[in-house]
Amino acid sequence: MTTTSAGTAIPKELGDKTNLIAGEWGEARSGSRFEVRSPATGALLAEVPSCAAADVDAAVAAAKAAWPAFKGLHVYERSAIVLRMAELIRQRAETIACVLSAEEGKPFATEALPEVLEVALNFQLAAEDVVRMETPVIAMRDPNKRLLSFREPFGVMAVITPWNFPTVIPSEYIGPGLAAGNTMVMKPASTTPLSMILVARCIEEALEESDLPKGIFNLITGRGSVIGDRLVSHPDVDIVGFTGETVTGESICARAGIKQTLMELGGNGPQIVCPDADLEAAAAAAALGCFLNAGQVCCATERILVERSIHDRFLELLLEETRKWRLGEPFDPATTMGPLNNEPTAVKTEEHLADATAKGAEILTGGARESGRPTGLYFPPTVIDGVRRDMLLNLEETFGPVAPVIQYTTDDEAVEIANETGYGLQMSVFTSSIKRCFWFADRLRTGNVVFNDSTDYWEAHEPFGGGGGTKSGHGRLGGRFTLDDVTHLKTLAIDFAKAL
Ligand code: NAP
């Protein structure tokens, strides 16, 4: 390891050359680089290549050239390679998590390490599930004919991912994408590319152990605003997997044209607390949903909808739970919540709070960045009461450590508020009634509903993604469901009468 002046350890495994194109680790063609700094200390962690269109073209060409051989590999061989990737990632999990914590700001032990272990799990699940994929065999009107179907990879897959889960989100595309036989060009977020570069070293190493052409997996770093357009509209890219803001996703879809797309976009998850709920459990879940990764989670609890008669008791419990969260430096074992990752997120959080207080809401704890910290990104857990439907905290995704409490009167009104923002990723309902559970499940317009747990609850193999007709995107990330989205169905009609 080398140690920066601010004491953050960066492992030598990161290397000096971090662009991976056609099996070679190198620089951007222009030689330019950009800095990656720790949100916790402000220290310079590393400089990485600042790619341009020519680098995108080279990476796509490498992926295109490697595709026929990789697609032609027997599925059990691809599965074994992807399983080997999982093994290497698991072996290096601590090192990767250390870098992840340093660049993203999330606590090392409670969030960064579990994230990297989930990365390994995602590769493992993809390797296991791909060999069990089933496709329809359908009878035909002509008795001499049979109809079989197969799942085929699309070809070259572009993957663009955000900074809040710098390794697990890429793995949700890369594991199934490679297992199914696509080749790949991936671009991590610019504030958090380093941990993914370490994951890429594991991926490349597993590929090198097999006698395969170079260029199956390529990683380039660079500003989305500079290389995003070229990558998603490139004529040789066949499928785009994107996780990020809804507005970016919309613009990518416009440029990607008829390519296959998986879009995992913003959320504005409400947690609905019914009068018959276990209030202690609901308060603990709400705090987790609001403060995990400092609220920078797509399925974070962005709004807490509380039935009027239980509001006062719930608020007391929520404040009690909030006091248990410790804002601090990500490597301090006492820390349960780290700093925000970047300045725009801090500014957006402030703007949403200012809008709410100007319209009459009341901040009960937190509410402003803490001074005396190494950076200006330390934002404490914040509880704000009296939030109304016309406030930005209700209408838009905040993505900060804020627990906005909104009161409702009837179940119908709760559904109306939950659905009115157009986002529909993951919602949660606390109730002790099974009848109510299904009543809400039928009416909430969202991809995922959790009953009696946090909006932040997920498991790696579940189908996760935006509900139909919402601003949260389309396609499913998680286990075997992604395998369907990264492949297309090819049918084969056979006439036995004319065969030997
Ligand atoms: P973002 O600004 O949309 O950026 C995401 C990625 O897109 C980054 O790699 C970014 O590159 C790149 N990008 C930026 N402009 C681009 C362009 N014009 N063309 C192509 N790519 C471009 O999102 P973010 O702020 O990183 O992430 C937070 C958002 O992600 C939130 O809205 C959150 O809800 C959402 N999210 C959704 C899920 C889900 O599963 N639905 C999961 C996690 C996060 P640079 O970093 O270089 O700008």
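As the structure is a computational prediction, the values presented were derived from the model and not from experiment.

Participant: So what's going on with the pattern of salt bridges? Which residues, and what values?
Facilitator: For the coordinates displayed, the defined rule picks out 28 salt bridges. Among the ionic pairs, Lys 145 bridges to Asp 142, the shortest N-O distance being 2.9 Å. Exposure remark for Asp 142: the relative accessible area of 29% places this residue in the partly exposed category. Glu 280 is the partner of Arg 313 in a salt bridge, and the nearest nitrogen-oxygen pair spans 3.6 Å. Of this pair, Arg 313 sits in helix α10 (residues 311–323) while Glu 280 sits in helix α9 (residues 279–291), placing them 33 residues apart in sequence. Among the residues examined, Arg 313 registers a relative accessible area of 37% and is labelled partly exposed. The network of salt bridges with common partners includes Asp 142, Lys 145, Asp 495 and Lys 498.

Participant: Can you break down the sheet that holds strand β19 (residues 426–430) residue by residue, with the values?
Facilitator: Ordered by their spatial adjacency, seven strands build an open sheet running β16-β17-β18-β15-β14-β19-β20, and the pairing between neighbours is mixed. Of all the strands in the sheet, just β16 (362–365) and β20 (448–451) have a single pairing partner and so form its edges. Taken over all neighbouring pairs, the strand axes of this sheet differ in orientation by 25° on average, direction set aside. Taken together, the three bridges between β16 and strand β17 (residues 382–385) define a ladder with antiparallel strand orientation. In the sheet register, Thr 365 faces β17, and the bridge partner there is Val 383. Contacts from helix α11 (residues 343–358) reach β16, β17 and β18 (402–408), with the element oriented near 25° to β17.

Participant: Could you give an account of the sheet that holds strand β22 (residues 487–495), naming the residues involved and the relevant values?
Facilitator: Here we have three strands laid out as an open sheet, ordered β7-β8-β22, and antiparallel in their pairing. One side of each edge strand has no neighbouring strand; the edge strands of this open sheet are β7 (138–139) and β22. Strand direction decides the pairing type here: β7 and strand β8 (residues 145–153), joined by two bridges, are antiparallel. When the sheet's bridge partners are listed, Ile 138 is paired in β8 with Leu 147.

Participant: Can you explain the site of the ligand? Please cite residues and give values.
Facilitator: Lining the immediate surroundings of the ligand are 31 residues, of which Thr 161, Ser 190, Thr 248, Leu 265 and Glu 397 lie closest. Leu 265 places a polar main-chain atom, nitrogen or oxygen, 2.7 Å from a nitrogen atom of the ligand. Considered on its own, the ligand offers 910 Å² of accessible surface; in the complex 87% of this is hidden by protein. Those elements giving two or more residues to the shell around the ligand turn out to be α7 (224–233), β12 (239–243) and α8 (246–256).

Participant: With reference to specific residues and values, describe the nonpolar core.
Facilitator: Ile 203 and Phe 217 are the most contacted members of the largest nonpolar core, which totals 72 residues. Both of domain 1 (12–265 + 477–488) and domain 2 (270–463) provide at least three residues apiece to this core. With residues near it in sequence (within four places) discarded, Ile 203 still touches Met 85, Phe 123, Ile 174, Leu 178, Met 196 and Phe 217. Val 273, Ala 286, Trp 325 and Ala 414 belong to the second largest nonpolar core, which has 53 residues in total.

Participant: Report on the domain arrangement of the protein chain, specifying residues and quantitative values.
Facilitator: When cut into domains, the protein chain gives domain 1 (12–265 + 477–488) and domain 2 (270–463). Facing 30 residues of domain 1, the contacting portion of domain 2 comprises 28 residues. Both sides together, the interface formed by domain 1 and domain 2 hides about 2200 Å², and carbon and sulfur atoms give 58% of it. Considering only the surface of domain 1 that becomes buried against domain 2, Pro 39, Ala 40 and Trp 163 emerge as the three largest contributors, covering 23% of it. Seen at the junction of domain 1 and domain 2, the total is zero salt bridges. Linking domain 1 to domain 2 there are 11 residue pairs in polar contact (both at pLDDT 80 or more). Elements that contribute at least two residues to the side of domain 1 that touches domain 2 include exactly α3 (93–104), α4 (108–130) and α15 (479–485). Broken down by class, the residue content of the side of domain 1 that touches domain 2 amounts to 13 nonpolar, 12 polar and five charged.

Participant: Describe the packing of α3 against helix α6 (residues 194–208), and please don't skip the residues or the numbers.
Facilitator: Between α3 and α6, the shortest axis-to-axis distance is 7 Å and the interhelical angle comes to 160°. By the angle between their axes, α3 is roughly antiparallel relative to α6. Where α3 approaches α6, its residues Thr 95, Ile 96, Val 99, Leu 100 and Glu 103 are matched on the opposing element by Leu 194, Ser 195, Leu 198, Val 199 and Cys 202. Looking at side-chain class alone, the contact of α3 with α6 contains seven nonpolar, two polar and one charged residues.

Participant: Go over the packing of aromatic side chains, please, and point to the residues and values.
Facilitator: Enumeration according to the criterion identifies five aromatic pairs in this entry. Summarising the aromatic geometry, the rings of Trp 163 and Phe 399 are spaced 5.6 Å apart at their centres and angled 80° between planes, so their arrangement reads as edge-to-face. Placement of Trp 163 in the loop between β9 (156–160) and α5 (168–179) and of Phe 399 in the loop between α12 (392–395) and β18 is noted, with a sequence separation of 236 residues between them. Accessibility classification places Trp 163 together with Phe 399 in one group, the buried group. Over the aromatic face of Trp 25 sits the side chain of Arg 201, whose NZ or CZ is 3.8 Å from the ring centroid.

Participant: So what's going on with the environment of Cys 274? Which residues, and what values?
Facilitator: In this structure, Cys 274 sits in the loop between β14 (270–273) and α9. For Cys 274, a relative accessible area of 0% corresponds to the buried category. Along the primary structure Cys 274 and Thr 409 are separated by 135 residues, whereas in three dimensions their C-alpha atoms are 9.8 Å apart. Apart from the residues within four sequence positions on either side, Cys 274 is in contact with Ile 310, Tyr 408, Val 429, Phe 430, Thr 431, Arg 436 and Phe 440.

Participant: Explain unusual backbone geometry to me, and be specific about the residues and the numbers.
Facilitator: Unusually for a residue other than glycine, Asn 293 sits at a positive phi of about 50°. Structurally, the position occupied by Asn 293 is in the loop between α9 and β15 (303–307). The backbone of Ala 294 sits at a positive phi, close to 55°, despite the residue not being glycine. You can see Ala 294 is positioned in the loop between α9 and β15.

The rules behind these values
Here, residues in each chain are numbered from 1, in the same order as that chain's written sequence. Only residues with pLDDT of at least 70 are given local features in this predicted model, and only at 80 or more are side-chain atom pairs given and counted; all residues enter the totals for whole chains, interfaces and linings. Hydrogens and water molecules were not included; the side-chain quantities draw on all heavy atoms of the structure. Salt bridges, as used here, are contacts in which a Lys or Arg side-chain nitrogen is within 4 Å of a carboxyl oxygen on Asp or Glu. In this scheme, a residue with accessible area under 20% of its type's maximum is buried, one over 50% is exposed, and one in between is partly exposed, where area comes from a 1.4 Å probe on protein chains only. Helix and strand labels come from DSSP, where a helix needs a run of H or I of at least four residues and a strand needs a run of E of at least two; each type is numbered from the N terminus. Any two strands between which DSSP finds at least two bridges are classified as paired. Every angle, taken between N-to-C directions, lies between 0 and 180 degrees, and every axis is a line fitted to C-alpha atoms, over only the stretch in contact when it is a helix. Note on contacts: a residue pair qualifies if any of its non-hydrogen atoms lie within 4.5 Å across the two residues. If a single non-hydrogen atom of a residue is within 4 Å of a molecule or strand, that residue counts as near it. Counting of polar contacts relies on pairs of N or O atoms within 3.5 Å, with two restrictions inside protein: one atom must be capable of donating a hydrogen and the other of accepting it, and residues adjacent in sequence are counted only when both atoms are side-chain atoms. Residue burial considers only the protein chains on display, and all accessible areas are found by Shrake-Rupley using a 1.4 Å probe. Note on terminology: a nonpolar core comprises buried Ala, Val, Leu, Ile, Met, Phe, Trp, Tyr and Cys residues joined through side-chain atoms within 4.5 Å. Source of the domain bounds: an automatic or database domain assignment. In this description, buried area is defined as the sum, over both parts, of the accessible area (probe of 1.4 Å) that is lost when the two are combined. Lys, Arg, Asp and Glu make up the charged group, whereas Ala, Val, Leu, Ile, Met, Phe, Trp, Tyr, Cys and Pro make up the nonpolar group; the residues left over, Gly among them, are polar. The labels follow the angle: roughly parallel below 35 degrees, roughly antiparallel above 145, roughly perpendicular from 65 to 115, and oblique for the rest. Between rings of Phe, Tyr and Trp, where Trp is taken as its six-membered ring, a pair exists when centres lie within 6.5 Å; planes separated by under 30 degrees are stacked, by over 60 edge-to-face, and by other angles tilted. Geometrically, a lysine NZ or arginine CZ counts as sitting over a ring once it is within 6 Å of the ring centre and also within 35 degrees of the ring normal.

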